[in-house]
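Here is what each chain is made of, one letter per residue.
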Amino acid sequence: MEAITASIDYVRTQNGKLAAQTNVLLLRTNELKKLFPVQAKTVRDMGIKLNRATQLSTTVIETQKNIVTVLRDSIIRDTIHVKVFQYADKWYQIKGVNQGDSQSLQIQTTDTLTQVVFKGEREKPWLWIFSPRKLQQRVSVSNPNATIKYSSLIQIQKP
């Protein structure tokens, strides 16, 4: 239950970026059905029998970036005057056209999510080698404007 109520910890990786870290829940199939019915239904909807699943990971990423760019006059179809703008960097491609009282906007965003499940800290460090290590996950995104708002990983134990 500690892993359910725990919040995301942010750790700095070796390359200086932030990564989110959480503990891994260990649940049996019937516990998953009771505690996380929506996720259990999602697994079934994907055509996977719940008793065959080994891990379930859910990650939500929110991206926010304010962009200021220059409007410039342009002509389309040889006679129509419009204002256009274009912005591009490694993660965003934005194009816009302002024609009269309407605005057309095209946005494309690209991001890479990396998730690693690993054996982390010991459950009871004072017991040294007699205490097993907790399974933890670490999730990182490549876009510096993105923030991981929620991430959970459920490992399903066989009865």
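Scroll up for the structure.
Note that the coordinates shown come from a computational prediction; the quantities given were computed from them, not determined experimentally.

(A) Spotlight on helix α3 (residues 37-45). Among all positions in α3, only Gln39, Ala40 and Val43 are buried. Buried positions in α3, seen along its axis, are confined to an arc of 100° and lie on one side of it. In α3, those exposed residues whose orientation departs by more than 90 degrees from the buried face are Val38 and Asp45. Of the surrounding elements, those touching the buried residues of α3 are α2 (29-35), β4 (55-63) and β11 (146-157).

(B) Examining a nonpolar patch on the surface more closely. On the surface, a nonpolar cluster with roughly 700 Å² of combined accessible area is contributed by Trp126, Leu127, Trp128, Ile129 and Phe130. Structurally, phenylalanine 130 can be placed in the loop between β9 (113-122) and β10 (133-141). Classification of phenylalanine 130 by relative accessible area gives exposed; the value is 70%.

(C) Summary view of the pairing of strand β1 (residues 9-12). Pairing of β1 with strand β2 (residues 18-23) involves four bridges; the strand directions are antiparallel. Along β2, the bridge assignment pairs valine 11 with alanine 19. Between β1 and β2, which pair antiparallel and follow one another directly, the connecting turn spans five residues, one of which, glycine 16, has a positive phi of 90°.

(D) Just the pattern of salt bridges, in detail. Tallied over the full model, the rule gives one salt bridge. Residues aspartate 45 and lysine 41 are paired through a salt bridge, measuring 2.8 Å at the closest nitrogen-oxygen approach. With aspartate 45 and lysine 41 both in helix α3 and four residues apart, this pair spans about one turn of that helix. Judged by relative accessible area, which is 45%, lysine 41 ranks as partly exposed.

(E) Representation of the side chain of threonine 29. Of note, threonine 29 is situated in helix α2. A relative accessible area of 13% places threonine 29 in the buried class.

(F) Focus on the nonpolar core. The biggest cluster of nonpolar side chains holds 11 residues, and these are Leu25, Leu27, Leu32, Phe36, Ala40, Val43, Leu50, Ala53, Leu56, Ile154 and Ile156. Among the elements of the structure, β3 (25-28), α3 and β11 are those that each provide at least two residues to this core. Formed by six residues, the second largest nonpolar core is a distinct cluster that contains Ala20, Val141, Ala146 and Ile148.

Cut-off values and rules
- Residues numbered from 1 in each chain as written.
- Predicted model: local features only at pLDDT ≥ 70, side-chain atom pairs only at ≥ 80, totals over all residues.
- Heavy atoms only, no water.
- Buried < 20%, exposed > 50% of the residue type's maximum accessible area, 1.4 Å probe, protein only.
- Helix = DSSP H or I, 4+ residues; strand = E, 2+ residues; numbered from the N terminus.
- Arc of directions from axis to C-beta.
- Contact = heavy atoms within 4.5 Å.
- Patch = residues over 30% accessible without salt bridge, like charges linked within 9 Å, V, L, I, M, F, W, Y side chains within 5 Å.
- Areas by Shrake-Rupley, 256 points an atom, 1.4 Å probe, with all protein chains shown as cover.
- Salt bridge = Lys/Arg side-chain N within 4 Å of Asp/Glu carboxyl O.
- Pairing = 2+ DSSP bridges.
- Core = buried A, V, L, I, M, F, W, Y, C linked by side-chain atoms within 4.5 Å.

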